[in-house]
Amino acid sequence: MRFSLFLLLWCSLTVVSAANLPPGGLAAAEVSGVITDESGMPLIGATVLEEGTTNGTVTDLDGRFTINTTTEDPHLVVTYTGYQSQIIQVGTQTNFEIVMLEDSETLDEVVVVGYGIQKKRDVTASISSLNDEQIKKIATSSGVEAMQGQVSGVDIVSGGGRPGANPSIRIRGRRSLSASNDPLFVIDGIPQTSGTSAIADINPQDIESMEILKDAAGTAIYGSRGSNGVVIITTKRGSAGRTIVSYDGYYGGTSATNTVDMMNGEEFAAMKRESQRDGWNGAIPPDEEVFQDPTELESIAMGRSTDFQDLVLNDGWQMNHQLGVRGGTEATQFNISLGYFDEQGIISNMDFRRYTARVNLDQNIGSIFQAGISFTLSNSLQNYGSNATLGEALANNPLGVPYNEDGSVRFLPTNDGIRTNPLSELVENAYIDDRRVTRLFAPLYLKANLMPGLVFTTNFGPDIRYYRRGEFRGSLTNDNRGGPADAGVTNSQDFGYTWENILNYNRTLGESNDLGLTFLQSIQALRYEQNSVDVVNLPYEEQLFYNIGTAEVKGDLNSTLSEWQLASFMARATYSIQDKYLLQASLRADGSSRLAKGNQWNYFPGVSLGWRVGEEAFLDGAGWLNDLKLRVSYGEVGNTAVSPYSTQGALQRTVYAWDESPAFGFALRDIPNAELSWEVSKTLNAGIDFDILNGRVNGSFEVYRTNTEDILLARNLPPTSGYSNVLQNIGSTQTKGAEMVLGAGILRNPTGLSWDVDFNISGYRESITELALTDDEGNPIDDVGNGWFIGQPLNVFYDYNKIGIYQANEVELADSRENKVPGEIKLEDLDGDGVITPADRMILGSDVPDFFGGLTNRFEYRGVDFSFFLFFRQGQMISSNFHRGNNSLFARYNNLDVDYWTIDNPTNANPRPNENQESPRNGSTLSYFDGSFVKLRNVQLGYNLPDNVVSRIGLSRLRFYVSGQNLWFASDYDTYDPETQDIIPTTKIILGGLRATF
């Protein structure tokens, strides 16, 4: 079917391409000339195209060109990046001297910065951008996941294969040990109160651009919320002109990216026999003693084996439809869109659906005022599914039987009651975890042009989010194992709002000096409520979680309320001298209700400098250089790491006996601390931006260092105090790294093949520099209990080092060193004392990659385009929970198909199976792997029909494409996906889609 679809598409492309060939039989006329800029410098690589045809050429090193025209009245279309295009009638002239004029719109390309926009050439902070074309290349429900590998310094890791799962995002690493390291999201100018989940409700196809603010000079204007970076999302708006109707949709099939090699029946039987060997080198009992379950013996005799993993993993699908209408007049512009995203997971009771509606409206009111709204309504439903489905599929005895003789699901595949049939989780309405989110986000603005250059804007952004989780677990599920069914309902809602008043003033001083001033006053608040109840002994299972009043309360009744407010003031100044010397300085003050009086306010400065070296007179003769800019910045930002009410202390409920009757009481939980403050990060950043050979090569390189101080850590207290610990600002960390971005137009042929490459690579090192513990001289020392070490990353793997398996000739060594026998794990004696003790533990590695990034290649040839995108992370270590859970060699559960030790197979890979050990001694040492990988993130083949063909059917644009995602990866860590340890496999997808504009 896929081949037929591809063949049909290719035939269509061939026919349409043939229809668009230039007419033949006309007398050719040779036309030549030279193309220069206004100063007379030749322009290398300017495009000269005969209008209405694909006949064209480019200028050589001297700016010269030659072209043979083919039409009766030829016109030449001349284009060059950064200059205005020209259309020249040839007539009887055969030689031309063409002077190109700079295109001010291109030179003044802007990017969105906090509380305004800025010319890209004037940006002095570290900011990366993604446009809508880059975002919608990736078929996903999340705009964050579309960024993966495309932005330097931004490390995004997939949330796994469960539909609707949110990825994690880290901008330039982690800074805090206990607080969130998630960035701040700003949507249409409004900082989000709902955190990272804010992006999950936004349709990626509604996004016009995403700007990522990475250094403190760029994020300081967001003060106490900018320490982990800022992601600014701008949605699509209308424009004056004709009304445009567009449709964008795709459909594709999904399957597991990879499956894992578990033991089959024969391999499991061999492991179980070995597990019951008498000692490490004794005899193996007969099968009648090893296999106590008649089902196992029957399967062995029949050669029967069940692949439970294969039974629960199916093919899924994903589709997306987006219908938009945009347009307007000079007074009114609008953009309206409806979106529907639907994904059926590769496990039957896991899926995700989302409906979105958006209305963006801008209205000019006279010559002074402008008002607008960005109205978003979304409703999503995630069937989360049961983790036991795949957990049981991997752990179940392959000698078990999944179905009864009548074809119904057999709840216990063997007589071992600890392992239930994973298919029982997939019986309709047996297990339900239904998560529904409804969100209304409707920021409004009113803008007033008070005088030339002076604009006042007030923004109000209400944000309402309702969440409902309904759970039901039937009797015949892994949770209840034949016991009574139970259910639960959780409801929460948060209402947040932001009200900001902004005054912008921009003025040109003299002929070429530009001044910009911004002043801000802001108020933000959030109210969060939640309540939940769990019940058991439902009278009938068909009621699921919709009538829990008929059941017995389990005792789990909960409700909570949380409120906080933030008041802010900010001032920023930008100054540009002769378009060469650039300055930006800002100061923000934040006051938080989360902190005690006298400690509520903090101040966050930021300053950055830029020098556009390419504009200096001594580089006037460098025609190959379009732009060269040096920049440096310093800033301080905060992390609102203090939860509401943390400074006040808290009590907790206790249970005790009062006169032989149960009673409730209260005990101390948190000690009050009015001195708690924000974590503060201070960043120094230096970078260089360059553009050479008329944009054929461009990029940037930058280095940075961030010191985070006053990190919140729990300091242990004596039990006699009544408290276990107290939260204090006593830790510090440092993160430093480098980033490089390169873009190159390797081939630029208007009549043939064009090839563009984008590459980015980043690396960072994080380290703990101070902790709560100190030595007698006050120097910070390691906190081994929490796994925190001075000079090491925030998350390291501290354990013994496995160096092999004790062999048959090492009986005495195994006994004296570790009290072990041959066939068990051999550890490294780090201190050389001949005995393995806790002192022999070491730091084995960290989850911080040495480097990560992406490589994109784009090819175009006469309307056909092909692109592929590789994403890589290299050098990080994985502590594999997957191997901990599936490589116990206990022989009661199924096991990864590994090379294990026996007296006849003296391997050093894995220890011998042992029915007396549910997991091997020091089994954690088997779970550390090099997590490096390279992944083919996206590949796409598309075709844009020619304008003259599209116009005949009443369209302005029509594009067909086929695409594949996650089709291949290379890694030494061979499980479902080296990128994630989620128990649900990630998926690959092959899809077909079209985009039509009317």
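Here's a quick rundown of the structure. (Residues numbered from 1 in each chain as written. Predicted model: local features only at pLDDT ≥ 70, side-chain atom pairs only at ≥ 80, totals over all residues. Heavy atoms only, no water.)

Under the defined criterion, the tally for this structure stands at 22 aromatic pairs. With a centroid separation of 5.0 Å and 35 degrees between ring planes, the pair formed by Tyr 340 and Tyr 355 is classed as tilted. Linking Tyr 340 in strand S19 (residues 332-344) with Tyr 355 in strand S20 (residues 351-365), this pair joins segments that are 15 residues apart in sequence. Over the ring of Tyr 704 we find Arg 172; its NZ or CZ atom is 4.0 Å from the centre of that ring. One residue, Arg 439, lies across the ring of Phe 441, its end atom 5.1 Å from the ring centre. (Phe/Tyr/Trp six-rings, centres within 6.5 Å; stacked < 30°, edge-to-face > 60°. Helix = DSSP H or I, 4+ residues; strand = E, 2+ residues; numbered from the N terminus. Lys NZ or Arg CZ within 6 Å of the ring centre and 35° of its normal.)

What follows is about the side chain of Thr 219. Examined against the element boundaries, Thr 219 turns out to sit in helix H5 (residues 216-219). Reaching out from Thr 219, the side chain makes a polar contact with the backbone oxygen of Gly 226 at a distance of 3.3 Å. Ignoring anything within four residues of it in the chain, the contact list for Thr 219 reads Leu 213, Lys 214, Gly 226, Gly 229, Val 230 and Val 637. (Polar contact = N/O pair within 3.5 Å; in protein donor to acceptor, adjacent residues only side chain to side chain. Contact = heavy atoms within 4.5 Å.)

Counting 31 residues, the largest nonpolar core has Val 260, Met 271, Val 312 and Phe 882 as its most contacted members. Those elements giving two or more residues to this core turn out to be helix H6 (265-275), helix H9 (308-312) and helix H10 (387-395). With near-sequence residues (within four places) excluded, Val 312 lies in contact with Ile 346, Ile 347, Thr 389, Leu 390, Ala 393, Pro 422, Leu 423 and Leu 426. Of all hydrophobic cores here, the second largest spans 25 residues; its members include Ile 138, Ile 169, Ile 202 and Phe 933. (Core = buried A, V, L, I, M, F, W, Y, C linked by side-chain atoms within 4.5 Å. Buried < 20%, exposed > 50% of the residue type's maximum accessible area, 1.4 Å probe, protein only.)

This part takes up the layout of surface pockets. In this structure, the second largest pocket occupies an estimated 1400 Å³ of space. If you go around the second largest pocket, you meet 48 residues; those closest to its centre are Tyr 115, Gly 116, Ile 117, Lys 447 and Asn 504. When residues in the lining of the second largest pocket are grouped by element, the largest group, 5 residues, is from strand S26 (residues 513-536). Among the residues making up the lining of the second largest pocket, the classes are represented as 20 nonpolar, 20 polar and 8 charged. (1 Å grid on protein atoms, 1.4 Å probe; cavity = no way out; pocket = protein on both sides within 12 Å on 5 of 7 lines; lining within 4 Å. Points joined across faces, edges and corners; volume = space filled by probe spheres on them. Nonpolar A, V, L, I, M, F, W, Y, C, P; charged D, E, K, R; others polar.)

The mixed open sheet is built from 5 strands, whose spatial order is S10-S15-S16-S13-S14. Every other strand in the sheet has two partners, leaving strand S10 (127-131) and strand S14 (190-191) as the edge strands with one partner each. For S10 and strand S15 (residues 207-213), the ladder comprises 5 bridges, and the chain directions are antiparallel. Paired with Asn 131 across the bridge in S15 is Ser 209. (Pairing = 2+ DSSP bridges.)

Geometry only, nothing functional implied.
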